[in-house]
Amino acid sequence: MSFKDKLIENKVPKHVAIIMDGNGRWAAQFGNERTFGHEHGVEAVRSVVEGAGEIGVKYLTLYAFSTENWARPKDEVDALMGLLVQAISDETDELQKSNVRLQVIGDVKSLPQHVQEKLSWSIDRLKTCTGLTLVLALSYSSKWEILEAVKRIAEQVKLGKLEPSDIDTDLMDCFLNTSEMPDPELLIRTSGECRISNFLLWQIAYSELYFTPKLWPDFRKEDLFEAICDFQNRERRFGKTSQQLIS
Ligand code: FPP
């Protein structure tokens, strides 16, 4: 029985977030440059987007480029930007056929102009799609996002449009890049690293975390289904006791 067959249909998470890690190590296994790993990482992205759509996930957020990734060698950054533009050009038709919408979170203005233009083109082409929303986190870090939200809230207070007492978790949610999405119920990280790396820190307060040793270029939709099966077998208590959940 495949993991897909084992899934409980009404317990599929609405939002899955993934830290795609291990491209460099995957390439090194074959004595290749890191960019070889990123290239093969695109195949994993394709498979996972397809799988998420098949089982009715509503939001899939992929950590594709962090604020900290700007510090990588220029060649690698350029290659990643090139791959992104190429993947968007190649895949937008297919995404449209599969009814996938595209969104971006992060400091989009810091991306090269041609990357911004390609993203806007694809977002616009896919804006009427109603199936899965693929969210790319680009030039993203959670501390950046939270600081931006705090600055904008402070501005509203200064203008007299908000009172300090209006600031609560719901208001904060509205000022984050993810304001229109539910929080991820499941966060997956590949490559055996067990850390969060500045990703969705506010939004994962109650997410289930799933770490797999598989390197990202080897990850496929069946691995996503396995992670979701694992998620479906967990008891999510949100601070309550097991007894309270059944009564
Ligand atoms: C982490 O592996 C991966 C990245 C920083 C980039 C992810 C990019 C892709 C999968 C390709 C393009 C993406 C899209 C959405 C089309 P790493 O380089 O940190 O690997 P390492 O930890 O083994 O060095």
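Note: the structure precedes this text.
Residues numbered from 1 in each chain as written. Predicted model: local features only at pLDDT ≥ 70, side-chain atom pairs only at ≥ 80, totals over all residues. Heavy atoms only, no water.

Asks: In this structure, what is going on with the overall build of the chain? I would like to understand it.
Replies: Along its length, the chain carries nine helices and six strands. In terms of overall size, the chain behaves like a compact globule, its C-alpha atoms giving a radius of gyration of 19 Å where 247 residues would be expected to give roughly 18 Å. Expressed as lengths along the three principal axes of its C-alpha atoms, the size of the chain is roughly 55 × 50 × 35 Å. Taking all 247 residues of the chain together, 45% fall into the buried category. In the chain, once contacts between residues fewer than 6 apart in sequence are set aside, the share between residues at least 24 apart is 78%. With an accessible surface of roughly 12,900 Å², the chain has 52% of that area assigned to carbon and sulfur atoms. Each charge class in the chain can be summarised by its mean position, and for the 30 positive and 38 negative side chains these summaries are 1 Å apart. (Helix = DSSP H or I, 4+ residues; strand = E, 2+ residues; numbered from the N terminus. Rg over C-alpha atoms; globule rule 2.2 N^0.38 Å. Buried < 20%, exposed > 50% of the residue type's maximum accessible area, 1.4 Å probe, protein only. Contact = heavy atoms within 4.5 Å. Areas by Shrake-Rupley, 256 points an atom, 1.4 Å probe, with all protein chains shown as cover. Lys, Arg positive; Asp, Glu negative; His and termini not counted. Charge placed at Lys NZ, Arg CZ, Asp CG, Glu CD.)

Asks: Any chance you could explain the packing of aromatic side chains here in plain terms?
Replies: In this description, a pair of aromatic rings is defined by centroid distance and the angle of the planes. Enumeration according to the criterion identifies eight aromatic pairs in this entry. Ring centres of Phe65 and Trp70 lie 4.8 Å apart, and the angle between their planes is 75°; on these two criteria the pair is classed as edge-to-face. In this structure an aromatic cluster arises from ring pairing among Trp26, Phe30 and Phe36. Sitting over the ring of Trp121, Lys118 keeps its end group 4.6 Å from the ring centre. (Phe/Tyr/Trp six-rings, centres within 6.5 Å; stacked < 30°, edge-to-face > 60°. Lys NZ or Arg CZ within 6 Å of the ring centre and 35° of its normal.)

Asks: Honestly, the site of the ligand in this entry has me stumped. Any pointers?
Replies: Around the ligand sit 17 residues, and of these Asp21, Gly24, Arg25, Arg34 and Arg72 come closest. Note that an oxygen atom of the ligand is positioned 3.0 Å from one of the side-chain N or O atoms of Asp21. The contact in question runs from an oxygen atom of the ligand to an N or O atom on the backbone of Asn23, over 3.1 Å. Contact with the protein chains removes 91% of the 630 Å² of surface that the ligand exposes when unbound. Listed by contribution, the elements that provide at least two residues to the shell around the ligand are α2 (23–29), α3 (34–55) and α4 (74–97). (Near = heavy atom within 4 Å. Polar contact = N/O pair within 3.5 Å; in protein donor to acceptor, adjacent residues only side chain to side chain.)

Asks: Just checking my understanding: could you explain the layout of surface pockets for this structure?
Replies: The rolling of a water-molecule-sized probe over the atoms marks out the regions of remaining empty space. In this structure, the largest pocket spans a volume of roughly 1,200 Å³. Along the walls of the largest pocket sit 50 residues, with Met20, Val45, Tyr63, Ala64 and Trp216 positioned nearest its centre. When contributions to the lining of the largest pocket are tallied by element, the ones reaching two or more residues are α2, α3, β2 (59–66), α4 and β4 (133–140). Per element, the largest residue contribution to the lining of the largest pocket is 11 residues, and it comes from α3. (1 Å grid on protein atoms, 1.4 Å probe; cavity = no way out; pocket = protein on both sides within 12 Å on 5 of 7 lines; lining within 4 Å. Points joined across faces, edges and corners; volume = space filled by probe spheres on them.)

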